[in-house]
Every structure is written in C-alpha cells, then in structure tokens.
Amino acid sequence: MFLKTIDILASATKSRPFLMLMIGLIIGYCVAELISYITISEDIEPTNFLASTDSNIRSPPSHADDVIPHFDVLRHDHPTDNTSLADQLKKDVRILCWVMTNPNNHKLKARHVKRTWGKRCNILLFMSSEADDELPTVKLDVGEGRENLWRKVKEAFKYVYRHHFNDADWFYKADDDTYAVIENLRYMLYPYNPETPVHFGHKFKPYVDQGYMSGGGGYVLSREALRRFVVQGIPNPKMCLPGTVVNEDIEIGKCMENLNVTAGDSRDINGRGRMFPFDPEAHLIPSKDKEFWYWKYQFYKSDEGLDCCSDNAISFHYVSPQLMYVLDYLIYHLKPYGVVRASQQLPDKLKVGEFLPPPKEEPANSNEDSFDDDDRIAVQNYGRGVPSIEPDAREVGSNEVESNDEKFTPELKAKLQNVE
Ligand SMILES: *[C@@H]1O[C@H](CO)[C@@H](O)[C@H](O)[C@H]1NC(C)=O
Ligand SMILES: *[C@@H]1O[C@H](CO)[C@@H](O)[C@H](O)[C@H]1NC(C)=O
C-alpha cells in the first residue's frame, strides 16, 4: 500500500521536478523532526527529582512515567467534611495563582500541580513559552532558560493585570515544583485589604533593605501591589530593572521596595514560618551546619524542628510530583479518627494600609529547652532538592554584588563570601 502510494507519487512527479523536490523536502523535514523528538524525550528524563536519597529503598525506575501517575490518584471527595468556612474564604479572599513552567515541564511537573494544589485557586494559570491545550498555558512571548526568568515574571504579571485585574484580590506566583495549601494562604491574607500595597513570601535579608521574597515557595502580591508593579514599575527603569536577569526574586524585591510596596510578614501568631524555600523534610529535620547559607539569609530568627513550621503552613519548594500527591493525601484525606481540631476564629479585617502587629518573639510552647543535641536528628546534609550553594548568590554576577555592597553588614558580607 505504502509502496504503491510512492509509485503513484513518483509517476506523478516524473514530469514535475518541482513537485518531486517539494516531496523530498517534506520527507526530509519529517525525518529530522522525528530524530529531534526522540533526542528531546531522552533529554527531559527527570533524573533530577528521581535521584533521591532514598534510592536504596526504592529501586530506581527506568523511566519517570513508571512512577508519576498519569491519572489523578486522589479524585474522590469527602462530602461529610464541613468546609463551610473554607468555602466562605474562597469567596472573600480570591486568589489567582500563576505557575511558572516551561515546555519540558508541562507534563512532567505542571500537570501534577493542576491535579493537586492548583485546583484550589480561584484562577489557575500556567505561564510558558509554548501553548499547551491540555494544561492550558498562557503562551508568553519570551525565550526559555533561566536567564529569561525576570522578563518572564514581568510578562506574566502584565498578562495577569490586563486580563484578570478584577477577577482576584491576591496574585500568587509559584513554580511548578512548589506545593501550596491555598486555604491557609487565604487565612493568612484574610485580615489584609487588597488595596494595601503589600506582598508576602519567605523573606530573605540580603540585597534589599526591607528584605525580598525567596522565589521558590512563591510570593503573593495584593491587587494594589500588582497595579503598582505593572503600571508604575515595569515601564520605569528607575523603579524596576529593564531587560532580564536570572534572579527574578531579588529584582522584584528591589522593585517592590522602590514602589513602596511593603514586604509583609508571613509568620503566624506564634512566630512560625508559613512559606518555605525547601521541602518539608529539609525544614523539619534541618542540617546541623550553622554555616549553611540559609541561616544567614533569614530575615527573622527561625527555629528548627517542629517549631520551624506553622500548623497553617502555606507553601514548600522543591516538591517532586510524587510528593505533591503524598502531601495532598496527608493534608486532605488522612485524618486521625476521633480528632477534630477546633478552627481558629477569623481575625478582624484591617483597613487599607494597616498591618498586623509582629508575632511574639519566642514561639509559644517552645520546647527548645527540653531538646538537647542528642535528641536532634542529625543530618549532615540536606536531602534532595536543596542546593548546597545559595541559589541567588551563585547566580549573581560580581558587578551586582558590588552595587549592593552597602546593603550588607560587614559581618554578613564576610559570611557570604565564605559561602561563595
Ligand atoms: C460547620 O462549621 C462551621 C464553622 O466552621 C459551623 O458554624 C457550622 O455549624 C458547621 N456545620 C455543621 C453541619 O457542623
Ligand atoms: C514612596 O514613598 C516615598 C516617601 O514617602 C515618596 O517620596 C515616594 O514618592 C514614594 N514612591 C512611590 C513610587 O510611591
């Protein structure tokens, strides 16, 4: 059949050399496409998140598709759950989530965000440089690659401003390896007025006087912060850096400061963190190494062990697709029988420009004293997905560090230089 078609084509083209040339070109193109497709699918095998520390207890899979589910594993609901308060907050505190992804990750990562935490946002957008009808994506006119991150963030927020400014009160940027508990994000934001110029995230100390929000666990902008960023910031090189750089989180932090958008405090009433740059394990069982860059970057004093993390934690980073399903199961399905926690009362709403007072210095119920070194689970190194080198310091060019010199205390600078 196939040969016959070729025969017919050949005889048809005998008298038409141009047609023959065209057919040759088309066949050549198809073969080239096929080869590049095969090469790409080998390249994107996600060895990064499968090369985990527990490979000795789970034999390494031959291919990612063996372990990442193709279907939503937790599709059932719990109709007897009393979600009336969460439902009310979904109306009162509308959150648009946009997830930074790229064509290689549409299926490997972004799809699993949509099936797990992403579906709880009021609006969920995936920002990529390529269209994808399944997710779907917003196709931004920017190149891929880490060096384009800052441009991508600006284009994404411009898109959100143009198309969804009135559809949400808060605008949350996350990565495709972020995991977020959207109900807890709503609870944190509930007292704040979206017309207050403020943004929240995990606050780091260097580079920006008021601190900047670490990119990985995501950061959330109030509607007024979004408006200032897009209307007053992006078009004005005195406010926000034009062009593109790798460190989008530092740049938006500088930009927010220039625009008088307050760097909010995302800790809970007990002073425990709610938005995190690593996975839960890395925060619960931290490195003993006090020289680890993370401790020097903390804006607030932070605790180890269970005191690290709020019972109403919001976000973690470096979360593999597998762990997203595990977390969804642990948070939304598994419950200890007979234990029903009383829900905290909602705080009063604040006026525009008002902020909650900072939490008490020491976390309540601190068990620090009963906890000596032998009790701690000693781990020399952070587990998977935690860079041993600070991700921003590693990327920042020497010029950039120079221009920020005055923002470092001599002590911090010395420490950072040791890290580098
Ligand atoms: C559900 O919870 C809310 C408070 O969150 C409470 O006021 C309401 O009575 C509860 N409904 C039922 C049926 O238990
Ligand atoms: C920020 O606040 C300062 C001091 O109040 C003011 O001088 C400046 O114009 C403000 N900038 C913007 C962009 O609102």
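Since this is a predicted model, take the numbers as computed values, not measurements.

Colleague: Give a detailed account of the state of the cysteines, specifying residues and quantitative values.
Modeller: All told, the structure shown has 3 disulfides when counted by the stated rule. Here Cys240 connects covalently by a disulfide to Cys255, the sulfurs 1.7 Å from one another. Classification of the bridge connecting Cys240 and Cys255 rests on its S-S torsion, roughly 50 degrees, and on that basis the disulfide is right-handed. A residue pair is termed long-range when its members are at least 10 positions apart, and Cys240 in the loop between α8 (223–233) and α9 (248–258) and Cys255 in helix α9 qualify at 15 residues. The class of Cys240 is buried, set by a relative accessible area of 2%. Across the disulfide from Cys308 sits Cys309; the S-S distance is 2.1 Å.

Colleague: I'd like a description of the site of ligand 1, backed by residues and values.
Modeller: As a matter of local geometry, ligand 1 sits amid Asn82, Ser84 and Leu85. Between ligand 1 and Asn82, the relevant distance is 2.3 Å, taken from an oxygen atom to a side-chain nitrogen or oxygen of the residue. Protein chains bury 28% of the 360 Å² of accessible surface belonging to ligand 1 in isolation.

Colleague: Give me the lowdown on the environment of Gly353, citing residues and values where you can.
Modeller: Examined against the element boundaries, Gly353 turns out to sit in the loop between α12 (321–332) and α13 (391–395). By relative accessible area, Gly353 is classed as partly exposed at 44%. Separated by 161 residues in sequence, Gly353 and Tyr192 have C-alpha atoms that sit 8.6 Å apart.

Colleague: How would you summarise the packing of aromatic side chains if you had to cite specific residues and measurements?
Modeller: Per the counting criterion, the structure on display carries 15 aromatic pairs. Pairing Trp98 with Phe157 gives two aromatic rings, centres 5.2 Å apart and planes at 85 degrees, and the pair type is edge-to-face. With Trp98 in strand β1 (residues 95–100) and Phe157 in helix α6 (residues 149–164), this residue pair connects regions lying 59 residues apart in the sequence. Relative to Phe229, the ring of Trp150 lies with its centre 6.1 Å away and its plane at 40 degrees, an arrangement referred to as tilted. Remark: Phe229 occurs in helix α8 and Trp150 occurs in helix α6; sequence separation between them is 79 residues. With a relative accessible area of 0%, Trp150 lands in the buried category. Of the residues examined, Phe229 reaches a relative accessible area of 0% and is grouped as buried. One aromatic cluster is present, built from ring pairs that chain together Trp98, Trp150, Phe157 and Phe229. The ring of Tyr332 has Arg120 sitting right over it, with the charged end atom 3.5 Å from the ring centre. Across from the ring centre of Phe299, 4.3 Å away, lies the NZ or CZ of Lys203, which sits over that ring.

Colleague: Pulling in residues and values, what's your account of the pairing of strand β2 (residues 123–128)?
Modeller: Along β2, 5 of the 6 residues are buried, which leaves the element largely enclosed by surrounding structure. One ladder, built from 5 bridges, connects β1 with β2; its direction is parallel. When the sheet's bridge partners are listed, Cys97 is paired in β2 with Leu124. Between the parallel elements β1 and β2, the chain passes through helix α5 (residues 105–115) in a crossover that is right-handed. Pairing between β2 and strand β3 (residues 137–139): 3 bridges, direction parallel. Bridge pairing links Phe126 to Thr137 in β3.

Colleague: So what's going on with the nonpolar core? Which residues, and what values?
Modeller: By size, the foremost hydrophobic cluster in this structure holds 39 residues, and its most contacted members are Ile95, Trp117, Trp170, Tyr172, Leu185 and Leu189. If you list the elements that add at least two residues to this core, you get β1, α5, β4 (170–175), β5 (179–180), α7 (182–189), β6 (198–200) and α12. Counting 33 residues, the second largest nonpolar core, distinct from the first, contains Leu96, Leu140, Val142 and Cys240.

Colleague: Report on the packing of α6 against α8, specifying residues and quantitative values.
Modeller: The geometry of α6 relative to α8 is characterised by a closest axis approach of 10 Å and an angle of 110 degrees between their N-to-C directions. Considering the angle they form, α6 stands roughly perpendicular to α8. For the crossing formed where α6 meets α8, the hand is left-handed. Here Trp150, Lys154, Phe157, Lys158, Val160 and Tyr161 of α6 lie close against α8, whose contacting residues are Leu226, Arg227, Phe229, Val230 and Val231. The residue makeup of the contact of α6 with α8, split by class, is 8 nonpolar, no polar and 3 charged.

Colleague: Talk me through the environment of Pro347; I want residue IDs and the actual numbers.
Modeller: Tracing the backbone through its elements, the reader meets Pro347 in the loop between α12 and α13. Measuring from C-alpha to C-alpha, the distance between Pro347 and Met188 comes to 9.6 Å, with 159 residues separating the pair along the chain. In this view, Pro347 contacts Tyr187, Tyr190 and Pro191; residues no more than four positions away in its chain are not counted.

Colleague: Give a detailed account of the side chain of Asp175, specifying residues and quantitative values.
Modeller: As for its position among the elements, Asp175 is in strand β4. Owing to a relative accessible area of 16%, Asp175 belongs among the buried residues under this scheme. In this structure the side chain of Asp175 is engaged in a polar contact, spanning 3.0 Å, whose partner is the side chain of Lys173. Here Asp175 is in contact with Val99, Met100, Trp117, Gly215, Gly216 and His317, once residues within four sequence places are set aside.

About the thresholds
- Residues numbered from 1 in each chain as written.
- Chains lettered and ligands numbered in written order.
- Predicted model: local features only at pLDDT ≥ 70, side-chain atom pairs only at ≥ 80, totals over all residues.
- Heavy atoms only, no water.
- Disulfide = S-S within 2.5 Å.
- Helix = DSSP H or I, 4+ residues; strand = E, 2+ residues; numbered from the N terminus.
- Buried < 20%, exposed > 50% of the residue type's maximum accessible area, 1.4 Å probe, protein only.
- Near = heavy atom within 4 Å.
- Polar contact = N/O pair within 3.5 Å; in protein donor to acceptor, adjacent residues only side chain to side chain.
- Areas by Shrake-Rupley, 256 points an atom, 1.4 Å probe, with all protein chains shown as cover.
- Phe/Tyr/Trp six-rings, centres within 6.5 Å; stacked < 30°, edge-to-face > 60°.
- Lys NZ or Arg CZ within 6 Å of the ring centre and 35° of its normal.
- Pairing = 2+ DSSP bridges.
- Right-handed = clockwise from strand over helix to strand, strands pointing away.
- Core = buried A, V, L, I, M, F, W, Y, C linked by side-chain atoms within 4.5 Å.
- Axes fitted to C-alpha atoms, helices over the stretch in contact; angles between N-to-C directions.
- Parallel < 35°, antiparallel > 145°, perpendicular 65-115°, else oblique.
- Left-handed = near helix turned anticlockwise from the far one by under 90°.
- Contact = heavy atoms within 4.5 Å.
- Nonpolar A, V, L, I, M, F, W, Y, C, P; charged D, E, K, R; others polar.

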